[in-house]
Amino acid sequence: MRLRREHRILWRLYGYSARLLKTKLFRTAASNTSFPEVWLLLVQYFERLPGFFWVVQRNSFFTMPEILENKADLELYSPHPEVRGMTTLDRAAFKRTIVVPVLKVKKEVINKLLKSLKHITLHRPGLKRVIDDPKDEDRLVLLDPHKISAEYSLGESEQEILKQFNIDPQVSKYNLELTYDNFKTEEILRAVLPVGQDVTSGFTRIGHIAHLNLRDHQLPYKHLIGQVIIDKNPGITCSVNKINIIDNTYRNFQMEVLAGEANMITKTRENNITYEFDFSKVYWNSRLSTEHGRIIELLKPGDVLFDVFAGVGPFAIPAAKKKCSVFANDLNPESYKWLLHNCKLNKVDKNIKNFNMDGRDFLLGPVKEELTKELPLLTKERKNTLHIVMNLPALAIKFLDVFKHLLDGKPCSTDLLPTVHCYSFSKHDSPAKDVQEWAEVFLGTSLEGRCSTHLVRSVAPNKEMMCISFQIPAEVLFKKQCTHEGKLKSSAGNFRVFQLYTLSQIILEKKKTAFDGFKTRILSAMGLIRVSFSGVIPIC
């Protein structure tokens, strides 16, 4: 009686383990079921009970040797264990021989048969599914061991297919040698790095360059990782790793060449536009291609685009291709050089006016001049829109105070006011609200109901890149026409009151935010200093 109770407990544990394995570990169409290590321990314990293996055989479950064989199958495609801890790539050390099932087939029907059996054939990088039979002129079709039963027999549907081609369904064993070329990037890195550590197989591709962001525990293997990325990705001849954050005026970062050629001048395509640049001296982020396309979709032929931080032209050049009038600026001399180059490369140099100056000076100079010229010409009949793109997430929002009373004259129609697309980072629980509040501080007015925010991408855990878009309010953009000095002072006083109120609200919601940089924002918003690439400048 006790023995039967223990048997029932055992079957329940088996059923649970098998279901768990099928749902989480077993992802093939194989008819056999492997066992977790916990089940192996249970088997080792219960095998001492009389009649245990008799029950196993009666219910057609696997015997102990089959269990061990199936456990080995889970690591069938792992490189040789001796590569663990390797820091200098030795491709020959990855060589390994495994046993795979094969099917003997007449060469006359091989092509038709492969189409019918492609779901069970072996697919590995650099490996042919069909090889010559050393014994005769027939061919051997390599089958996936994970999709063939432990008895090396085919399923009914596969046997029916073979019957149509008059092929013997008998499956044989074949010793297959796997080399470095037959393993995937992740398999190689997982075999090399210490057990349990994260494996980096992803990267950003910029032309022939693979850009990686390695973690500290991966740095001892950085040169091997870089070489594997080159080996496994055709067209990549250089791999680099970023070794510092973007914290300088020109928005580029230092990088280390991990493997391959040290050629940083690259060519890449984004949204059907070709760009060339020196990746080590300019800022380029392939992850922003969707955002570049989103802004360009908002433009129509004849619109005017002011790109304050243009880089090498990912906003400016597509806009010019769309027959827009473009004014593009960047402070970095290298970015400016490649911006000019890319304008000529894409044959839009006649549609773009390029500038190499501080963003604030660009807004106070060419942008102000063009707005003064364009706005009076715009009417309801001539509805060409004006857009100002400010893609410098770390600083752009601090430049919004430039728009305060930028223009003289009578305010134009609300429909014709310029639209700003300003980018900013946020670590706030509500990033959209956070970015809107800071924009309101630097503009000195409320944007409630007058703006939209868009999540561009997650830069890091708890750090989002946002885009806030709004038409510059007329009361901000145009100077107030006051004839009495008292009214002017009253207006200025109300403006300061709004700024202080908004700042106080932000302070209350940002008790956990670091104070670093906060003082600068307050002083800038109060008009006591201004922020530019050259630093913080007092206003006397």
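Below is a summary of the structure that appears in this document. (Residues numbered from 1 in each chain as written. Predicted model: local features only at pLDDT ≥ 70, side-chain atom pairs only at ≥ 80, totals over all residues. Heavy atoms only, no water.)

**Digging into the overall build of the protein**
Scanning the protein from terminus to terminus reveals 16 helices and 19 strands. Relative to its 540 residues, the protein shows a buried fraction of 46%. Pairs at least 24 residues apart make up 68% of the contacts formed inside the protein by residues separated by at least 6 positions. When the accessible area of the protein is evaluated, it comes to approximately 28,700 Å², of which 52% is carbon and sulfur surface. (Helix = DSSP H or I, 4+ residues; strand = E, 2+ residues; numbered from the N terminus. Buried < 20%, exposed > 50% of the residue type's maximum accessible area, 1.4 Å probe, protein only. Contact = heavy atoms within 4.5 Å. Areas by Shrake-Rupley, 256 points an atom, 1.4 Å probe, with all protein chains shown as cover.)

**Re the pairing of strand S7 (residues 238-242)**
Among the 5 residues of S7, 4 are classified as buried, and the element is accordingly described as predominantly covered. With helix H8 (residues 222-232) bridging strand S6 (residues 209-212) and its parallel neighbour S7, the resulting β-α-β unit is right-handed. (Right-handed = clockwise from strand over helix to strand, strands pointing away.)

**Comments concerning the pattern of salt bridges**
Under the counting rule described, the total for this entry stands at 17 salt bridges. Across the pair Lys 106 and Asp 138 runs a salt bridge whose closest N-O atoms are separated by 3.7 Å. Taken as a pair, Lys 106 in the loop between strand S1 (96-105) and helix H5 (110-117) and Asp 138 in the loop between strand S2 (130-132) and strand S3 (139-142) lie far apart in primary sequence, 32 residues in all. The buried category is assigned to Asp 138, whose relative accessible area is 13%. For Arg 190, the salt bridge is made with Glu 186, and the minimal N-O distance between the two is 2.6 Å. One end of the pair is Arg 190 and the other is Glu 186, both in helix H7 (residues 185-192) and 4 residues apart, which spans about a single turn. Here Glu 186 falls in the partly exposed class, since its relative accessible area comes to 39%. Counted as one network, the salt bridges with shared partners bring together Lys 104, Asp 133 and Asp 136. (Salt bridge = Lys/Arg side-chain N within 4 Å of Asp/Glu carboxyl O.)

**A few points about the nonpolar core**
Generally speaking, soluble globular proteins have nonpolar side chains that are buried together. Leu 375, Ile 388, Met 390, Leu 400, Phe 403 and Val 420 are the most contacted members of the largest nonpolar core, which totals 43 residues. When residues of this core are traced back to their parent elements, those giving at least two are strand S11 (304-307), helix H12 (359-374), strand S14 (386-390), strand S15 (419-426), helix H13 (431-443), strand S17 (463-471) and helix H14 (474-477). The biggest single contributor to this core is H13, with 6 residues. If you look at the next biggest cluster of nonpolar residues, it comprises 37 residues, including Phe 277, Leu 299, Ala 310 and Val 348. (Core = buried A, V, L, I, M, F, W, Y, C linked by side-chain atoms within 4.5 Å.)

**Regarding the packing of aromatic side chains**
Summed over all chains, the structure comprises 8 aromatic pairs. Measuring from ring centre to ring centre gives 5.5 Å for Phe 94 and Tyr 180, while their planes differ by 65 degrees; the resulting arrangement is edge-to-face. Placement of the pair is Phe 94 in the loop between helix H4 (64-73) and S1 and Tyr 180 in the loop between strand S4 (171-178) and H7, with a sequence separation of 86 residues. Of the residues examined, Phe 94 reaches a relative accessible area of 0% and is grouped as buried. (Phe/Tyr/Trp six-rings, centres within 6.5 Å; stacked < 30°, edge-to-face > 60°.)

**Focus on the sheet that holds S3**
The 4 strands are arranged S2-S3-S1-S4 in an open sheet whose pairing can be described as antiparallel. The sheet is open, and its two borders are formed by S2 and S4, each paired with just one other strand. Taken over all neighbouring pairs, the strand axes of this sheet differ in orientation by 45 degrees on average, direction set aside. Sheet topology note: the S2/S3 ladder contains 3 bridges and is antiparallel. (Pairing = 2+ DSSP bridges. Axes fitted to C-alpha atoms, helices over the stretch in contact; angles between N-to-C directions.)

**Overview of helix H11 (residues 333-345)**
Taking 1.5 Å of rise per residue, the 13 residues of H11 would be expected to cover 18 Å, and the 18 Å separating its terminal C-alpha atoms lies within 8% of that figure. Among the residues of H11, Ser 335, Trp 338, Leu 339, Asn 342 and Cys 343 are the ones counted as buried. Down the axis, H11 shows its buried residues gathered within 145 degrees of arc, on one side only. In this structure, the buried residues of H11 make contact with strand S9 (265-270), strand S10 (273-278), helix H10 (316-321), strand S12 (325-329) and strand S13 (352-355). Its side-chain oxygen 3.0 Å from the backbone nitrogen of Glu 334, Asn 332 forms the N-cap of H11. Just past H11, the residue Lys 347 takes up positive phi, approximately 60 degrees. (Expected span 1.5 Å × (residues − 1). Arc of directions from axis to C-beta. Polar contact = N/O pair within 3.5 Å; in protein donor to acceptor, adjacent residues only side chain to side chain.)

**Let's talk about the sheet that holds S13**
Strands in a sheet are paired, the pairing made by backbone hydrogen bonds, and the direction either parallel or antiparallel. Strand order in the open sheet made by the 7 strands is S13-S12-S11-S14-S15-S17-S16, with mixed pairing throughout. Since the sheet does not close on itself, it has two edges, and those belong to S13 and strand S16 (451-460), each with one partner. Within the sheet, the average angular offset between the axes of one strand and its neighbour, ignoring direction, is 15 degrees. Where S12 and S13 come together, 4 bridges link them in parallel fashion. Counted as the bridge partner of Asn 329 is Phe 355 from S13.

**Some thoughts on the packing of H5 against helix H6 (residues 156-164)**
At their nearest, the axes of H5 and H6 sit 11 Å apart, and the two run at 165 degrees to each other. Compared by their axis directions, H5 and H6 come out roughly antiparallel. When you trace H5 past H6, the crossing you get is right-handed. Taking contact as the criterion, the partners of Leu 113, Ser 116 and Leu 117 in H5 are, on H6, Glu 158, Ile 161 and Leu 162. (Parallel < 35°, antiparallel > 145°, perpendicular 65-115°, else oblique. Left-handed = near helix turned anticlockwise from the far one by under 90°.)

None of the figures reported here should be taken as evidence of function without further support.
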